[in-house]
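Here is how the chains run, residue by residue.
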Amino acid sequence: MAEARTTTSARRNGHEPDDPIERPAPSGAGGTGSLLTRAWRGLAGAVQQRIPRADLDERDPDYIREQLPLFWLFSSLWFRGEVRGLGNIPDEGPVLLVGNHSGGNMIPDTMVFTVAFSTYFGVERPFYQLAHNLVLSLPGLSWLRRFGTVAASPENARKALSSGAALLVYPGGDYEVHRPSWEGNRVDFGGRQGFLRLALEQDVPIVPVVAIGGQETALFLTRGERLARLLALDRVLRLKVLPISIALPWIVNVGDFGHIPLPAKITIETLPAIDLRAEFGPDPSVDDVYDHLIRLMQDALDALAAERRFPVIG
Amino acid sequence: MRVNASRVLAAPIEDVWSTVTDPERVLGYMSGVTRWEVAGDLRSGLGARYRILFRVGAAEVGGLVEVVEFDEPCDFAWTSVTGLDHRGRWRLREAAGGRTRVEFRLAYVVAGAGLSGWLAERIAAPTVADHARRTLQQLDRLVEHEQLRARAARRQGRAARS
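Residues numbered from 1 in each chain as written. Chains lettered and ligands numbered in written order. Predicted model: local features only at pLDDT ≥ 70, side-chain atom pairs only at ≥ 80, totals over all residues.

Peer 1: What's the story with helix α1 (residues 13–20) of chain B in this structure? I'm lost.
Peer 2: Quick reminder: α-helices carry 3.6 residues per turn. Residues three or four places apart thus point the same way. Residues and elements named next belong to chain B. Along α1, the positions that sit buried rather than exposed are I13, V16, W17 and V20. All buried residues of α1 lie within an arc of 100 degrees about the axis, which places them on one face of the element. Residues of α1 that are buried make contact with β1 (2–9), β5 (75–80), β6 (85–95), β7 (99–109) and α3 (114–161). (Buried ≥ 20, exposed ≤ 12 C-beta atoms within 10 Å, placed from the backbone. Helix = DSSP H or I, 4+ residues; strand = E, 2+ residues; numbered from the N terminus. Arc of directions from axis to C-beta. Contact = placed C-beta atoms within 7 Å.)

Peer 1: Help me understand the sheet that holds strand β7 (residues 219–222) of chain A, please; the structure alone is not making it clear to me.
Peer 2: Through backbone hydrogen bonds, the strands of a sheet pair up, either in parallel or in antiparallel fashion. All names here are of chain A. The strand order across the open sheet built from three strands is β7-β8-β9, with neighbouring strands paired in antiparallel fashion. Pairing within the sheet leaves two strands with one partner each, and these edge strands are β7 and β9 (251–254). The average angle at which neighbouring strand axes cross in this sheet is 25 degrees, direction not considered. (Pairing = 2+ DSSP bridges. Axes fitted to C-alpha atoms, helices over the stretch in contact; angles between N-to-C directions.)

Peer 1: I tried to follow the confidence of the model for chain A on my own but got confused; where do I start?
Peer 2: Fine structural detail should not be taken from predicted coordinates in areas where pLDDT scores are low. Residues and elements named next belong to chain A. On average, residues of chain A score 85 in pLDDT, and 89% of them are at 70 or above. The least confident element of chain A is helix α1 (residues 2–12), whose mean pLDDT is 44; the most confident is strand β2 (residues 95–99), at 97. Between residues 1–31, whose pLDDT stays under 50, and residues either more than four places distant or in other chains, the model counts 42 contacts. (pLDDT = per-residue confidence, 0-100.)

Peer 1: Would you mind showing me how to read the interface of chain B and chain A here?
Peer 2: Much of the literature gives interface size as the accessible area that the parts lose upon coming together. Counting residues at the interface gives 17 residues for chain B and 18 residues for chain A. Elements with a contribution of two residues or more to the side of chain B that touches chain A: β4 (59–71) and α3 of chain B. Of the residues in the side of chain B that touches chain A, the class split is nine nonpolar, seven polar and one charged. (Nonpolar A, V, L, I, M, F, W, Y, C, P; charged D, E, K, R; others polar.)

Peer 1: Is there a simple way to explain the pairing of β5 of chain B in this structure?
Peer 2: Regular strands place their side chains on alternate faces of the sheet. All names here are of chain B. Bridge count for β4 against β5 is six bridges, and the pairing is antiparallel. In the strand pairing of β5, V65 is matched with S80. As consecutive antiparallel partners, β4 and β5 are separated by three residues. Judged from the five bridges that link them, β5 and β6 form a sheet pairing that is antiparallel. The partner of W78 across the bridge, within β6, is G88.

Peer 1: What is the right way to look at the packing of helix α8 (residues 154–162) of chain A against helix α10 (residues 194–202) of chain A in this model?
Peer 2: Helix packing geometry: the angle between the two helix axes and the distance between the axes. Residue and element names in this part refer to chain A. At a minimum axis separation of 11 Å, α8 and α10 run at an interaxial angle of 35 degrees. Note that α8 runs across α10; the crossing there is right-handed. Every residue of α10 that contacts α8 at P154, A157, R158, L161 and S162 is listed here: G194, L198 and Q202. Residues that form the contact of α8 with α10 fall into these classes: four nonpolar, three polar and one charged. (Left-handed = near helix turned anticlockwise from the far one by under 90°.)

Peer 1: Looking at this structure, I do not really get unusual backbone geometry. What am I missing?
Peer 2: Both trends apply: most residues other than glycine have a negative phi, and most peptide bonds are in trans. The omega torsion of the bond from L248 of chain A to P249 of chain A falls at -10 degrees, within 30 degrees of zero and hence cis. Here P249 of chain A shows up in the loop between β8 (244–247) and β9. Here the amide bond leading from E72 of chain B into P73 of chain B is cis, since omega sits at -5 degrees, within 30 degrees of zero. Mapping P73 of chain B onto the fold places it in the loop between β4 and β5. One non-glycine residue, I107 of chain A, adopts positive backbone phi at about 35 degrees. Structurally, the position occupied by I107 of chain A is in the loop between β2 and α5 (108–121). Given 22 C-beta atoms within 10 Å, I107 of chain A falls into the buried group. Even without glycine at this site, A232 of chain A takes up a positive phi of about 60 degrees. Within the fold, A232 of chain A resides in the loop between α11 (225–230) and α12 (233–237).

Peer 1: Any chance you could explain the environment of A59 of chain B here in plain terms?
Peer 2: Mapped onto the elements of the fold, A59 of chain B is located in strand β4. For A59 of chain B, a count of 26 C-beta atoms within 10 Å puts it in the buried group. Along the primary structure A59 of chain B and E146 of chain B are separated by 87 residues, whereas in three dimensions their C-alpha atoms are 33 Å apart. Once residues lying within four places of it in the same chain are set aside, the contact partners of A59 of chain B are W72, S75, V115, A116 and T119 of chain A.

Given below as structure tokens:
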């Protein structure tokens with residue numbers, strides 16, 4: 001029954017039924033403790049249950065408008081945010097904004113960018129952000145949905161783009177966001193290319209969004225991939241990482257269920273839009289486009305890094 | 001929050017008027033403005049709409065505005081249609097000696113956001129006031145420079161004729 005419920009709710013959220021979550025645990029893991037496995041499965045089911053139904057109509061422009069001043073204050077005073085090149089985003093129509101993701105689970109770069117996007121184009125322009133399942137299922141974060149945050153899945157992305165909206169995606173996701181601080185100035189999508197297939201399928205332009213500073217909001221030590229595998233988090237919660245960082249107020253922060261980010265200066269540069277078919281021909285190779293995009297974003301990030309004189313201060 | 005700046009420019013009122021009401025010249029003198037685009041068919045005059053953006057803090061704010069007063073050559077005012085709620089006004093008055101007294105006013109409200117809105121309004125105020133002051137300085141330089149050029153051109157014309 002629980003299985004069936006999980007599958008339905010997964011479908012409901014726009015996840016394919018063959019998502020990793022649905023796959024049975026490899027037989028090797030079963031022997032060591034089926035009780036533990038079952039407990040984890042139960043938790044997975046609970047998380048799935050909590051993921052809200054992806055309804056684009058939940059985005060509430062009036063709500064965003066009322067919240068903008070608060071986020072503008074954080075963005076301006078705490079992070080001294082600077083967003084450049086928003087004019088590179090086409091003024092209307094669907095567009096896939098592809099960002100490098102930093103700053104652990106507090107996602108300071110997303111906040112700075114969302115404020116800048118919303119004031120630049122107006123809250124009236126539909127704008128959605130894809131987020132990790134776990135983010136959307138955490139209690140107390142339901143307001144994110146009113147900001148236009150939907151669970152990351154090809155189905156939801158398709159829905160948003162075909163409605164003509166701008167969609168922000170961080171292909172690196174949890175993998176990139178928890179990279180160690182000394183890799184802060186590296187674009188690392190972990191080889192994830194689904195967003196490119198999506199852009200080709202929907203025939204929408206891609207706009208790279210390159211951010212720096214997020215990885216300086218705490219001292220990120222390790223992604224804890226081995227730890228995550230050991231605890232089967234990847235199968236249960238779609239989490240490939242169990243990050244360990246040194247962050248306020250916990251000092252040692254395992255799992256990162258929230259921390260106080262240091263006031264690092266965050267600079268974001270929006271690069272010129274890429275029309276994939278115009279630049280790579282009618283049937284582009286996803287690998288080629290991926291390599292090109294990573295190179296482009298890495299170059300921009302290197303330039304932003306060269307501008308910085310001190311960590312955190314900027 | 002209301003921000004005000006004024007200055008006496010050494011130029012006739014008509015010249016100042018034609019400068020401040022020309023949408024294509026706004027980027028040349030208005031401080032903090034990153035966009036001032038004609039939206040719609042009407043380029044200038046009552047009812048003309050512009051898409052404007054000001055850089056304040058970490059964001060560019062603004063939106064669609066509409067000209068609600070166009071009283072040549074004295075009063076030019078616009079009000080926001082979308083985006084940040086605000087009004088702007090150019091108030092020009094003739095001063096002695098062919099000069100013009102110029103007043104630039106911006107009034108803005110951060111609506112519906114409670115305490116954070118109240119705070120944001122006040123924190124942005126010094127930046128906005130600074131932009132207003134600089135706008136007038138730059139406008140001053142622009143129109144006075146144009147006066148000098150026009151006078152020089154007239155002198156050259158007279159010299160060529162005689």
